[in-house]
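# Coordinate analysis (summary)
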Amino acid sequence: MVIEFIDFGQQPLSDAFRAPEQDDEEFFYRLAVGRCESCSMVQLLEEVPRAKMFHTDYPYFSSGSSVMREHFENTANTFLEKELTGADPFIVELGSNDGIMLRTIAKAGVRHLGVEPSGRVADHARSQGVHVLTEFFEEGTAATVRAEYGPADVVFAANTFCHIPYVDSIFAGLDALLTPGGVFVFEDPYLGEIVERTSFDQIYDEHFYFFSATSVRAMAERFGFELVDVERLPVHGGEVRYTLARAGARVPTQAVADLLAEESARALHAPATLEAFAAAVGVIRADLIALLRRLKDEGATVVGYGATAKSATVTNYCGITPELVSYVCDTTPAKQNRVTPGAHLPVRPAEAFAGSYPDYALLFAWNHAAEIMAKETGFSAAGGKWILYTPSVRVVG
Ligand code: SAM
Ligand code: TMP
């Protein structure tokens, strides 16, 4: 049974940016999170139909961050050195998006296939020389891929496996697709970091699961797989890269035992820990809205930086209106000149920000803070200040 510990109420689809004049009814669902009593998995209580989230117009392009481009180039090179070393290796990536990882594999001339249901980003990957099947990965897709290409040495998924509620079908697909010694490697936001940083904005429709070593190990065991390695990653506000192999195929590393012990020592899944997280989220909401109201009363200008999917939870849960945050700047053409889901903040190109600096910038893309602040030294030089809201609300700069 899944026990609820936080409820954000009715929320819109996080990536459903709308044309300003669009007047059809917006889709809302209840965003609430709970923990499974038996396996410790932290998960959403309501599932949004996948076709509402991932389709031709899906606007997130992974390559918008130079740090992430480098991260996935390194990831690809690690696979090429460590796993794709046989005579004719084959790697499949779920959620290959615009080809940010697979283009390095393609350049190396190694057999690969992206499985990516969102057509526009898939087309972009194809323009980079990447092979893509425009489908959702599940048991049936895995069988099709296996029949056409043979078994895969590696199945990889970054910021994608946590989007997929139907894990039974995924594991059946992995079992059909992987070689006997093959691995399923995935990286997603880490529950331990979300709790540590009170990064409640990691909670939105697309993030169905919030993984930990404890919950991933239990899930893998249910399907005849084993958690054989974990690696902490600094990207996207703190992630873990998990490696699963068929049970008994590889010896688990010490890192697995260490992370399991750490999660147990800090009582990561205990009801009291998750309830304290929920209470801290309420404090952030009150502090952030109080700060934005005070700045408005003082006549200061405030804009948002980064129309992230995460920001849908912040704006709609905290009640941030265009009166408090006049617009959000973002480098993604597919989001520009639209309005954000639910809160309807206008989205403008990055040039709007540089052309007329506001007094304050609310950093919704806080996971890219180092990259953005290094780029926006002109804003700081002009006296601009950043507003951050995790782990607590504060003004810097
Ligand atoms: N891997 C990229 C990265 O880390 O930046 C993209 C991550 S993006 C947040 C998630 C991607 O997963 C989207 O491009 C979406 O279309 C895709 N996706 C969602 N469900 C999927 C499924 N069942 N099989 C394959 N891809 C899926
Ligand atoms: P993400 O946090 O899910 O990766 O989304 C980051 C969003 O922020 C995405 O819409 C692109 C945008 N962005 C900028 O506008 N400027 C930047 O410098 C970076 C790194 C991202």
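Conventions adopted
- Residues numbered from 1 in each chain as written.
- Chains lettered and ligands numbered in written order.
- Predicted model: local features only at pLDDT ≥ 70, side-chain atom pairs only at ≥ 80, totals over all residues.
- Heavy atoms only, no water.
- Helix = DSSP H or I, 4+ residues; strand = E, 2+ residues; numbered from the N terminus.
- Rg over C-alpha atoms; globule rule 2.2 N^0.38 Å.
- Buried < 20%, exposed > 50% of the residue type's maximum accessible area, 1.4 Å probe, protein only.
- Contact = heavy atoms within 4.5 Å.
- Areas by Shrake-Rupley, 256 points an atom, 1.4 Å probe, with all protein chains shown as cover.
- Near = heavy atom within 4 Å.
- Polar contact = N/O pair within 3.5 Å; in protein donor to acceptor, adjacent residues only side chain to side chain.
- Nonpolar A, V, L, I, M, F, W, Y, C, P; charged D, E, K, R; others polar.
- UniProt positions renumbered as here; feature names shortened; annotations may be inferred.
- Axes fitted to C-alpha atoms, helices over the stretch in contact; angles between N-to-C directions.
- Parallel < 35°, antiparallel > 145°, perpendicular 65-115°, else oblique.
- Core = buried A, V, L, I, M, F, W, Y, C linked by side-chain atoms within 4.5 Å.

As recorded in an unreviewed UniProt entry, the chain goes by Methylation protein EvaC and comes from Nocardia tenerifensis.

Broken down by element type, the chain carries 14 helices and 17 strands. In terms of overall dimensions, the chain is globule-like: its C-alpha atoms have a radius of gyration of 21 Å, near the 21 Å expected for 397 residues. If one aligns the C-alpha atoms of the chain with their principal axes, the spans along those axes are about 65 × 50 × 40 Å. Scored against the burial criterion, the 397 residues of the chain give a buried share of 57%. Expressed as a percentage of contacts within the chain between residues at least 6 apart in sequence, the contacts between residues at least 24 apart total 68%. By element, 50% of the accessible surface of the chain is carried by carbon and sulfur atoms, the whole surface being about 15800 Å².

Inspection of the region around ligand 2 gives 19 residues, with Y60, K310, D330, H368 and K375 positioned closest. In this structure, K310 approaches ligand 2 through a side-chain N or O atom, which is 2.7 Å from an oxygen atom. Between ligand 2 and H368, the relevant distance is 2.8 Å, taken from an oxygen atom to a side-chain nitrogen or oxygen of the residue. Residue contributions to the shell around ligand 2 peak at three residues, all from helix α13 (residues 369–375). The residue makeup of the shell around ligand 2, split by class, is five nonpolar, nine polar and five charged.

Before going further, it helps to examine the site of ligand 1. In the vicinity of ligand 1 lie 19 residues, with S62, G95, E116, S118 and N159 positioned nearest. Measuring from a nitrogen atom of ligand 1, one finds a backbone N or O atom of A158 at 2.9 Å. One of the side-chain N or O atoms of Y166 is found 2.9 Å from a nitrogen atom in ligand 1. Tallied by class, the residues present in the shell around ligand 1 amount to ten nonpolar, seven polar and two charged.

Our focus in this paragraph is the UniProt feature "domain: C-methyltransferase" (unreviewed entry) in the chain. Using the residue numbers shown here, the UniProt feature "domain: C-methyltransferase" (unreviewed entry) corresponds to residues 234–391. For residues 234–391, helix accounts for 42% and strand for 15%, while the C-alpha atoms at its two ends are 16 Å apart.

In this section: the packing of helix α8 (residues 213–222) against helix α9 (residues 254–265). Packed helix pairs are characterised by how far apart their axes lie and by the angle those axes make with each other. Interhelical geometry of α8 versus α9 gives an angle of 120 degrees and a closest axis separation of 9 Å. In this view, α8 runs oblique relative to α9, as classed from their interaxial angle. Contacts from A213, T214 and R217 in α8 reach L259, L260 and E263 in α9. Residue composition of the contact of α8 with α9, by class: three nonpolar, one polar and two charged.

The subject of this paragraph is the nonpolar core. Generally speaking, a soluble globular protein has its nonpolar side chains buried in company with each other. By size, the foremost hydrophobic cluster in this structure holds 106 residues, and its most contacted members are F161, F184, F211, L288, I320 and Y389. Per-element tally for this core: the top contributor is helix α10 (residues 271–297), with ten residues. Beyond its immediate stretch of four places on either side in the chain, F184 contacts L94, V155, A157, F161, L174, L178, Y242, T243 and L244. By size, the runner-up hydrophobic cluster in this structure holds 26 residues, among which are F72, A125, L233 and V235.

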